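Listed below, chain by chain, are the residues.
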Amino acid sequence: MHAKRRRRALLAAAPWMFTIGFFVLWEILVRVTGMSTFVLPAPSVIAEALWQFRGPLSLHSFHTAWMTLAGFVIAVVFGLLLGMALGASRLVHAGSYPLLVGFNAIPKVAVVPILVIWFGVGWLPPVLTAFLISFFPIVVNVATGLATIEPETEDVLRALGASKRDIIVKVGIPRAMPYFFGSLKVAITLAFVGSVIAEYNASNFGVGNLMARASADFNVPLLFAALIALAVLGVIMYAATAIVEKRMTGWAQRSQMASA
Amino acid sequence: MQAFVDIHDVTHIYSGAEDGAPAVEHMTLAVREGEFAAIVGPSGCGKSTVMKLATGLQFPAKGTVVVGGEEVTKPVKLAGMAFQNPVMLPWRTTLDNLLLPLEIVQPHRSRLRRHKAEYVARAEHLLAEVGLAGQGAKFPWQLSGGMQQRASLCRALIHEPKLLMLDEPFGALDAFTREELWCIIRDLHAEQGFTVILVTHDLREAVFLADRVFCMSARPGRIIAERHVDLPRPRDLEIMYTAAFTDIVHELRGHIADARQAA
């Protein structure tokens, strides 16, 4: 029993130990090799930069978070609607799927210059890039959830005179919800990528833009500090969607609940 | 007297069938009101097609299907269905699953919200009748397979259908649970007097439950034999060990064997 408890405590401590160990190793490596901060700044230097630039960093982080969320919300609304259309109608599905796949195949960085020509440098390119890059997984997941209703369920309801709309409302949409919430985790991460890329190239604000300027100044510690800020922001947004997913679709995670 | 379910000289080809071969051909079948009919046949003989035709989920290419005095041109609405797979919706409690048909079919659909208590009472009564008293608040995935199947029977009966269509509903259950459910469906039928069409591949099940057993040929399916089961009701499970019972099962088995041979 004692060994078991120790093992569990070790498991609980492992994430902290590994994370701290990672930074300690990094610090040692930089100090021992005497690497220049222009190449790889030590964690202590990055921490210093984080503190020194805490004002602009948090300001720009908030801005980036807003851009990401705005694009993400548009992607959710659009993705839900398009996903439902795709899942409900085989014609729409067959017709638009190649287009969607083709569109999704375009690296979204390549769209940014066009967005700049259309909307100029500002807040629109980051929001739109976040949207464009993140709606696809939502569409695919919602459509899959709707299209995979068990034929027997459909038969039971259709034999009672249920309309297509009845079946989608009563079965399709609730059934698609775990797929939908699952896709949000992917989508928020992608939206974040999109907004930062667009900020880097086509904005006067946001962490992406801050990095573009730091890069021009060869301020490598600030670049790394910005990376840390991005990581924190990304984890927060991912965790938020994961919590929402768990709350909304507990019935779909029943196997985990049963084993817990 | 006119039959309640009258399938007359029906040939049906699924639109998606690759070979264009009919699932059933020149099929004629008449079931009286209140009768318990069983359809048996070799696998893939189009038994399930009969279900779909009788409930208006499919329409015959040739021939006519009349249910309750009306030719079937749209889903019939007076039927309840249960399948081998209980297909309960996992995000609804068992009770809410039972109420699902009432959210679809008229006149309950427009009454449900205002008379909720009455319908919930009906659902709970049904649950009690199949031995699931007090289990309504559980989610279907918290129930065993046999319990889910009972709940699925309740769902098929909640809107008091005049026709109950059962597509191998006991197929996936263990032998003891199956016998229990036979008795439940036997009692429900005796009590409520609805018409039942049971599709099964279990001859003993068919003979135990049904007034008449229809044998189907191999694909394309049609009725090759019809056997009246004159065993007295109510039937006890013990009846399955009598010579009269075994004789009927044996005779039916002969028809199925012939049908398989011919295929």
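Going by the structure above, here's the rest.
How each quantity is defined
Residues numbered from 1 in each chain as written. Chains lettered and ligands numbered in written order. Predicted model: local features only at pLDDT ≥ 70, side-chain atom pairs only at ≥ 80, totals over all residues. Heavy atoms only, no water. Helix = DSSP H or I, 4+ residues; strand = E, 2+ residues; numbered from the N terminus. Rg over C-alpha atoms; globule rule 2.2 N^0.38 Å. Buried < 20%, exposed > 50% of the residue type's maximum accessible area, 1.4 Å probe, protein only. Contact = heavy atoms within 4.5 Å. Areas by Shrake-Rupley, 256 points an atom, 1.4 Å probe, with all protein chains shown as cover. Lys, Arg positive; Asp, Glu negative; His and termini not counted. Charge placed at Lys NZ, Arg CZ, Asp CG, Glu CD. Salt bridge = Lys/Arg side-chain N within 4 Å of Asp/Glu carboxyl O.

(A) Region of the structure containing the overall build of chain B. For chain B, the helix and strand inventory stands at eight helices and ten strands. Taken against the 2.2 N^0.38 rule, which gives 18 Å for 263 residues, the C-alpha radius of gyration of chain B at 18 Å falls within 12% of a compact globule. Seen through its principal axes, chain B has C-alpha atoms that stretch 55 × 45 × 40 Å. When the 263 residues of chain B are sorted by exposure, 56% land in the buried category. Residue pairs at least 24 apart in sequence account for 70% of intrachain contacts in chain B once pairs closer than 6 positions are excluded.

(B) Highlighting the overall build of chain A. The number of helices and strands found in chain A is eleven helices and zero strands. Counting from the amino terminus, helix and strand elements in chain A follow one another as α-α-α-α-α-α-α-α-α-α-α. For 260 residues, the compact-globule estimate of 2.2 N^0.38 gives 18 Å, and chain A exceeds it by more than 25% at 23 Å. Seen through its principal axes, chain A has C-alpha atoms that stretch 75 × 65 × 30 Å. Among the 260 residues that make up chain A, the fraction classed as buried is 41%. Put simply, of all contacts in chain A between residues at least 6 apart along the chain, 75% involve residues at least 24 apart. Of the accessible surface of chain A, which amounts to about 14400 Å², a share of 72% is contributed by carbon and sulfur atoms. Across chain A, the 19 positively charged side chains and the 10 negatively charged ones have centroids separated by 9 Å.

(C) Up close: the side chain of Ser-61 of chain A. Residue and element names in this part refer to chain A. Tracing the backbone through its elements, the reader meets Ser-61 in helix α3 (residues 54–88). For Ser-61, a relative accessible area of 10% corresponds to the buried category. Among residues more than four places away in sequence, those in contact with Ser-61 are Val-207, Ala-229 and Leu-233.

(D) Helix α1 (residues 47–55) of chain B, seen in detail. Residue and element names in this part refer to chain B. Of all nine residues that make up α1, seven are buried, and the element is covered over most of its length. Every buried residue of α1 is listed here: Lys-47, Thr-49, Val-50, Met-51, Leu-53, Ala-54 and Thr-55. Of the residues trailing α1, Gly-56 is marked for its positive phi of about 80 degrees.

(E) Up close: the pattern of salt bridges. Residue and element names in this part refer to chain B. Tallying each qualifying case throughout the model produces 18 salt bridges over all chains. Its salt-bridge partner being Glu-33, residue Lys-162 comes within 3.8 Å of it at the nearest N-O pair. Of this pair, Lys-162 sits in the loop between α5 (145–157) and β7 (163–167) while Glu-33 sits in the loop between β2 (24–31) and β3 (36–40), placing them 129 residues apart in sequence. Residue classification places Lys-162 among the partly exposed residues on the basis of a relative accessible area of 43%. Across the pair Arg-186 and Asp-187 runs a salt bridge, and its minimum N-O distance is 3.0 Å. Within the structure, one salt-bridge network assembled from shared partners comprises Arg-32, Glu-35, Arg-212 and Glu-226.

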